Amino acid sequence: MRALKAALFLLLLGWGLVSALAALFVRIWLRERRGRTVYPASAAAGLLNPLRGRLQPVRPTLERFRLGQGDTALEVGPGPGYFSIEASSMVGPTGRVLCLDLQPGMAAILRERLREARAGAAQPVVGDATHLPLADGSVDRAFLVAVLGEVPDRPAAVAELRRVMKPGSILGFSETLTDPDYMFQDALQDLCAAFGFELLERRNGLLGYTMTFRAPGPP
Ligand SMILES: C[S@@+](CC[C@H](N)C(=O)[O-])C[C@H]1O[C@@H](n2cnc3c(N)ncnc32)[C@H](O)[C@@H]1O
């Protein structure tokens, strides 16, 4: 009887702890979501956390974005480059990946990581998603992971993507619910459709999704 009581006590204690942690997470998530700030460069290491691979594995995610040898790719909001090194190897020596981030601090971290990894096809650039320093119709692949929700003028960012992407080119997004700036799937799909992007593929995962769109026009 005593053992049963102890087991029950431990069970209730565990349940209470898990509930308290979940409530704390939801409170922080809601507070951050209301604040809607850019993910700070000072916390860049959090984006390179090895556990992230379970929710958002690098190579399979980039494969959904259909990166290939020789592509001119645009990664908007690369942060410290969780995806950029692999993206560089996927486009190879004949391609390039322009990694455009708003924060000079993120671009500096990324530059160093690319140098260490000898990822020569990727090039960090400081800039804003709503004013892309690229010519019209010059990009084969563009992707944004956990970025669009941080951009105050999201239609302007998608309009810029539409401008720089080649007809029939591929635009990819990936979002996880752990991000306070999470973009809900319907909102993202409606926004992209408003600029003529056609949904090609949607994949749901444990706590997030990837979506791939095709830019209007023949490839
Ligand atoms: C949550 S981090 C994600 C970084 C990276 N994509 C990843 O998944 O690890 C969001 C990144 O988007 C960048 N960002 C936010 N707003 C931006 C904008 N308007 N233009 C370019 N980058 C932006 C931030 O500086 C930050 O590095």
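Computed from a predicted model, the values in this text were never measured in an experiment.

1. Observations concerning the overall build of the protein chain
Here is step 1: Broken down by element type, the protein chain carries seven helices and seven strands.
Here is step 2: Put simply, the protein chain runs from its N terminus to its C terminus through helices and strands in the order α-α-α-β-α-β-α-β-β-α-β-α-β-β.
Here is step 3: When the backbone C-alpha atoms are referred to their principal axes, the protein chain occupies close to 75 × 40 × 30 Å.
Here is step 4: In the protein chain, buried positions account for 42% of the 219 residues.

2. Thoughts on the domain arrangement of the protein chain
Here is step 1: Along its sequence, the protein chain is organised into domain 1 (1–35) and domain 2 (41–214).
Here is step 2: The straight-line distance from the C-alpha centre of domain 1 to that of domain 2 is 35 Å.

3. Side note on the layout of surface pockets
Here is step 1: Estimated volume of the largest pocket: approximately 1,000 Å³.
Here is step 2: Lining the largest pocket are 45 residues, and of these Y39, L47, A146, E150 and D179 sit closest to its centre.
Here is step 3: Considering each element in turn, the lining of the largest pocket owes the most residues, four residues, to helix α1 (residues 2–35).
Here is step 4: Considered class by class, the residues forming the lining of the largest pocket number 24 nonpolar, twelve polar and nine charged.
Here is step 5: Structurally, the lining of the largest pocket is a two-domain feature, drawing no fewer than three residues from each of domain 1 (1–35) and domain 2 (41–214).
Here is step 6: In this structure, the second largest pocket spans a volume of roughly 180 Å³.
Here is step 7: Around the second largest pocket, the lining is made up of 16 residues, and of these L55, R64, G205, G208 and Y209 lie nearest the centre.

4. Points about the sheet that holds strand β4 (residues 139–145)
Here is step 1: The sheet built from seven strands is open, its strands ordered β3-β2-β1-β4-β5-β7-β6 with mixed pairing. In this open sheet, the two edge strands, each paired with only one partner strand, are β3 (122–126) and β6 (198–204). Each neighbouring strand pair of the sheet contributes to a mean axis angle of 15°, computed without reference to strand direction.
Here is step 2: Relative to strand β5 (residues 165–176), β4 is paired through six bridges, and the arrangement is parallel. Considered in β5, the bridge of L144 is made with F173.
Here is step 3: Strand contacts of helix α5 (residues 104–117): β2 (96–101) and β3, with the helix running at about 165° to β3, the strand carrying the most contacts.
Here is step 4: Each of β5, β6 and β7 (208–214) touches helix α7 (residues 185–194); the most contacted strand, β7, lies at about 10° to it.

5. Things to note about the environment of G92
Here is step 1: Here G92 is to be found in the loop between α4 (84–91) and β2.
Here is step 2: Sequence separation between G92 and G70 is 22 residues, and the spatial gap between their C-alpha atoms is 6.3 Å.

6. Let's talk about the environment of G81
Here is step 1: Along the polypeptide, G81 turns up in the loop between β1 (72–76) and α4.
Here is step 2: Residue G81 is classed as buried on the basis of its relative accessible area, which comes to 1%.
Here is step 3: Distance in space between the C-alpha atoms of G81 and R113 is 7.6 Å, their sequence separation being 32 residues.
Here is step 4: The contact partners of G81, leaving out residues within four places of it in the chain, are L110 and R113.

7. Digging into the pattern of salt bridges
Here is step 1: Per the stated rule, a full pass over the model turns up eight salt bridges.
Here is step 2: Here R59 makes a salt bridge to E63, at a shortest N to O gap of 3.1 Å. Of this pair, R59 and E63 both sit in helix α3 (residues 58–64), four residues apart, which is roughly one turn of that helix.
Here is step 3: The partly exposed category is assigned to E63, whose relative accessible area is 44%.
Here is step 4: A salt bridge links K166 to D140; the nearest nitrogen and oxygen atoms lie 2.9 Å apart. Taken as a pair, K166 in strand β5 and D140 in strand β4 lie far apart in primary sequence, 26 residues in all.
Here is step 5: Accessibility expressed as a relative area gives 30% for K166, which makes it partly exposed.

Rules and cut-offs
- Residues numbered from 1 in each chain as written.
- Predicted model: local features only at pLDDT ≥ 70, side-chain atom pairs only at ≥ 80, totals over all residues.
- Heavy atoms only, no water.
- Helix = DSSP H or I, 4+ residues; strand = E, 2+ residues; numbered from the N terminus.
- Buried < 20%, exposed > 50% of the residue type's maximum accessible area, 1.4 Å probe, protein only.
- Domains from an automatic or database assignment.
- 1 Å grid on protein atoms, 1.4 Å probe; cavity = no way out; pocket = protein on both sides within 12 Å on 5 of 7 lines; lining within 4 Å.
- Points joined across faces, edges and corners; volume = space filled by probe spheres on them.
- Nonpolar A, V, L, I, M, F, W, Y, C, P; charged D, E, K, R; others polar.
- Pairing = 2+ DSSP bridges.
- Axes fitted to C-alpha atoms, helices over the stretch in contact; angles between N-to-C directions.
- Contact = heavy atoms within 4.5 Å.
- Salt bridge = Lys/Arg side-chain N within 4 Å of Asp/Glu carboxyl O.

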